[in-house]
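# Examination of the molecular architecture
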Amino acid sequence: MENNLWNSILHVRNNSPLVHSITNYVVMNNTANALLAIGASPIMAHAKSEVEEMVNISNSLVINIGTLDEYWEEAMLLAAKKANELHKPWILDPVGAGATSYRDSVLSKILSLNPTVIRGNASEIIALSKTSKTITKGVDSTAKSNEAVEAAKILVKNHKSTVCISGETDIIISENQEIHLKNGDPMMTKVTGLGCTATALIGSFIGVIENKTEAVIAAMSLLGIAGEIAAQQSAGPGSLQLNIIDKLYNITEEEFSAHLKMIKQ
C-alpha cells in the first residue's frame, strides 16, 4: 500500500482538485494554504445563493461546523444534498460534537445525508455515534482514539462512511479495513486547526482518488509525517505551523517512506 499512498499524493499534486470548503472562521487561512501546498485548489464559499453551483464545479466538498450558526446550517445542508445528487464525495468534520444540543441537532441532520468520510477526534466520534455520553472540552477530545473504535464502526455501518479518528494515533475505519497511523508530534496539538487541516486535505484526496479509504490514509499519513519532520526544526507552535505548510509542499518520496508508521489491524 505504501507505493499507492505516495502515488495518491502525486495524483493530487498533478490534478489540482478544486475543494469547496464550508469551514470555520478560525481555520480558513490555514486550511487554504495547506491545500495550496499539496497542489489542490481551495475555494471558501458559504452563501446559500451559490453553494449548490460551487458544488457543481468542485471535485469535492468539505463541511466543518466549527463556527456554526443558523445561516451556515442551511448552506451546509444545501451543499451536502447537492453533492449527493451529483455523486460528489464530501467530508464532515463534526467539530465540538456533544458540546451543545444545537450542535448535535445540526449534526444529526447532516449525518442523515451519509457523508463519504467523517473525521473527528475521539470525543466527537463517540458523541456522533450516540453510543454513550461523552464529555467534551470545547472542541478538544477527552478520550483517546482507541476508545472511539466501536463508535466509529457503528457510523461506518449506519452511514456507509469511512471514519477517521484523529489523535496521538490516527485510526481509519471502513467496512473492511482498520488502519492505525502513528505519525505526528505532540507539539501539533498546540497549533489551532490542524484537525481541520486534516479534514481539508482529506477533502482534496477524495476528490480525485477512487478508493476513498486509501485517500483518507494518504491524506492523514501525509499530514502526520509533515508535522513530524517539521517539529524537528521548529522552536515552538508558531514556527511549526509555518514549517508544516513548507513540508507539505516539498516533502519527498524518500522522506515519506522513511517516516511512515502504518499498522493494519
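See above for the structure.
A brief structural summary. This structure is a prediction, so every number in the text was calculated from the model and none was measured.

### Considerations on the overall build of the protein
Counting its secondary structure elements, the protein contains 11 helices and 9 strands. Relative to the 2.2 N^0.38 estimate, which gives 18 Å for 265 residues, the radius of gyration of the protein is 17 Å and therefore close to what a compact globule would have. With the C-alpha coordinates of the protein rotated into their principal frame, the extents come out at 45 × 40 × 35 Å. By residue count, 56% of the 265 residues in the protein fall in the buried class. Contacts in the protein between residues far apart in sequence, at least 24 positions, make up 69% of those at least 6 positions apart. Carbon together with sulfur atoms contributes 49% to the accessible area of the protein, which is approximately 11200 Å² in total. Placing the 21 positive and 27 negative side-chain charges of the protein at their respective mean positions leaves the two points 5 Å apart.

### Notes on the nonpolar core
Within the largest apolar cluster, 46 residues are counted, with the highest numbers of intra-cluster contacts made by Phe205 and Leu248. For this core, the secondary structure elements donating two or more residues are helix 1 (2-15), helix 2 (28-38), strand 8 (178-181), helix 8 (194-208), helix 9 (212-231) and helix 10 (237-250). Setting aside its immediate chain neighbours within four residues, phenylalanine 205 contacts Ser8, Ile9, Val12, Ile38, Ala215, Ala218, Ala219 and Leu222. Ranked by size, the runner-up nonpolar core spans 40 residues in total, among them Val51, Met76, Ala79 and Ala151.

### Overview of the packing of aromatic side chains
Each aromatic ring pair is summarised here by two numbers: the centre-to-centre distance and the angle between the ring planes. Under the definition given, this model contains 2 aromatic pairs. Between tryptophan 6 and phenylalanine 256, the aromatic rings sit 5.7 Å apart at their centres with planes inclined by 45°, giving tilted as the arrangement. One end of the pair, tryptophan 6, is in helix 1; the other, phenylalanine 256, is in helix 11 (residues 253-259), and 250 residues separate them in sequence. When the centroid spacing of 5.0 Å and the interplanar angle of 55° are considered together, the rings of tyrosine 25 and tryptophan 72 count as tilted. Of this pair, tyrosine 25 sits in the loop between strand 1 (18-22) and helix 2 while tryptophan 72 sits in helix 4 (residues 70-85), and the two are 47 residues apart along the sequence. Among the residues examined, tyrosine 25 registers a relative accessible area of 53% and is labelled exposed.

### Notes on the pairing of strand 4 (residues 90-93)
Covered by surrounding structure in strand 4 are Trp90 and Leu92 together with Ile91 and Asp93, the residues of both alternating faces. A crossover connection joins strand 3 (residues 60-64) to the parallel strand 4 through helix 4; in handedness this β-α-β unit is right-handed. Relative to strand 5 (residues 117-121), strand 4 runs parallel, the two sharing 2 bridges. Across the sheet, the residue bridging to leucine 92 is isoleucine 118, located in strand 5. In this fold, strand 4 hands off to helix 5 (residues 101-111), which returns the chain to strand 5; that crossover is right-handed.

### Let's talk about the environment of isoleucine 209
Position of isoleucine 209 relative to the elements: it lies in the loop between helix 8 and helix 9. Sequence separation of isoleucine 209 and histidine 11 is 198 residues, and the distance between their C-alpha atoms is 7.8 Å.

### As for the packing of helix 8 against helix 9
Where helix 8 contacts helix 9, the axes come no closer than 8 Å and their chain directions differ by 140°. As the angle between them shows, helix 8 and helix 9 are arranged oblique. In the crossing of helix 8 with helix 9, the sense of the turn from one axis to the other is right-handed. Residues Leu194, Thr197, Ala198, Leu201, Ile202, Phe205 and Ile206 of helix 8 form the contact with helix 9, whose own contacting residues are Lys212, Ala215, Val216, Ala218, Ala219, Met220, Leu222 and Leu223. Among the residues making up the contact of helix 8 with helix 9, the classes are represented as 13 nonpolar, 1 polar and 1 charged.

### Topic: the side chain of serine 129
Positionally, serine 129 belongs in helix 6 (residues 122-129). Given a relative accessible area of 12%, serine 129 falls into the buried group. At 2.9 Å, the side chain of serine 129 and the backbone oxygen of isoleucine 126 are in polar contact. When sequence neighbours within four positions are dropped, the list of residues in contact with serine 129 reads Ala151 and Leu155.

### Focus: the sheet that holds strand 1
Here we have 9 strands laid out as an open sheet, ordered 2-1-3-4-5-6-7-8-9, and mixed in their pairing. Strand pairing shows two members of the sheet lacking a second neighbour, strand 2 (41-44) and strand 9 (262-264), which therefore form its edges. Taking the axes of each pair of neighbouring strands and ignoring which way they run, one obtains an average angle of 20° across the sheet. Pairing between strand 5 and strand 6 (residues 162-166): 5 bridges, direction parallel. Pairing of glycine 120 across the sheet is with isoleucine 165, part of strand 6. Relative to strand 2, helix 2 is tilted by about 155°, and along the sheet it contacts strand 1 and strand 2.

Rules used in this analysis
Residues numbered from 1 in each chain as written. Predicted model: local features only at pLDDT ≥ 70, side-chain atom pairs only at ≥ 80, totals over all residues. Heavy atoms only, no water. Helix = DSSP H or I, 4+ residues; strand = E, 2+ residues; numbered from the N terminus. Rg over C-alpha atoms; globule rule 2.2 N^0.38 Å. Buried < 20%, exposed > 50% of the residue type's maximum accessible area, 1.4 Å probe, protein only. Contact = heavy atoms within 4.5 Å. Areas by Shrake-Rupley, 256 points an atom, 1.4 Å probe, with all protein chains shown as cover. Lys, Arg positive; Asp, Glu negative; His and termini not counted. Charge placed at Lys NZ, Arg CZ, Asp CG, Glu CD. Core = buried A, V, L, I, M, F, W, Y, C linked by side-chain atoms within 4.5 Å. Phe/Tyr/Trp six-rings, centres within 6.5 Å; stacked < 30°, edge-to-face > 60°. Right-handed = clockwise from strand over helix to strand, strands pointing away. Pairing = 2+ DSSP bridges. Axes fitted to C-alpha atoms, helices over the stretch in contact; angles between N-to-C directions. Parallel < 35°, antiparallel > 145°, perpendicular 65-115°, else oblique. Left-handed = near helix turned anticlockwise from the far one by under 90°. Nonpolar A, V, L, I, M, F, W, Y, C, P; charged D, E, K, R; others polar. Polar contact = N/O pair within 3.5 Å; in protein donor to acceptor, adjacent residues only side chain to side chain.

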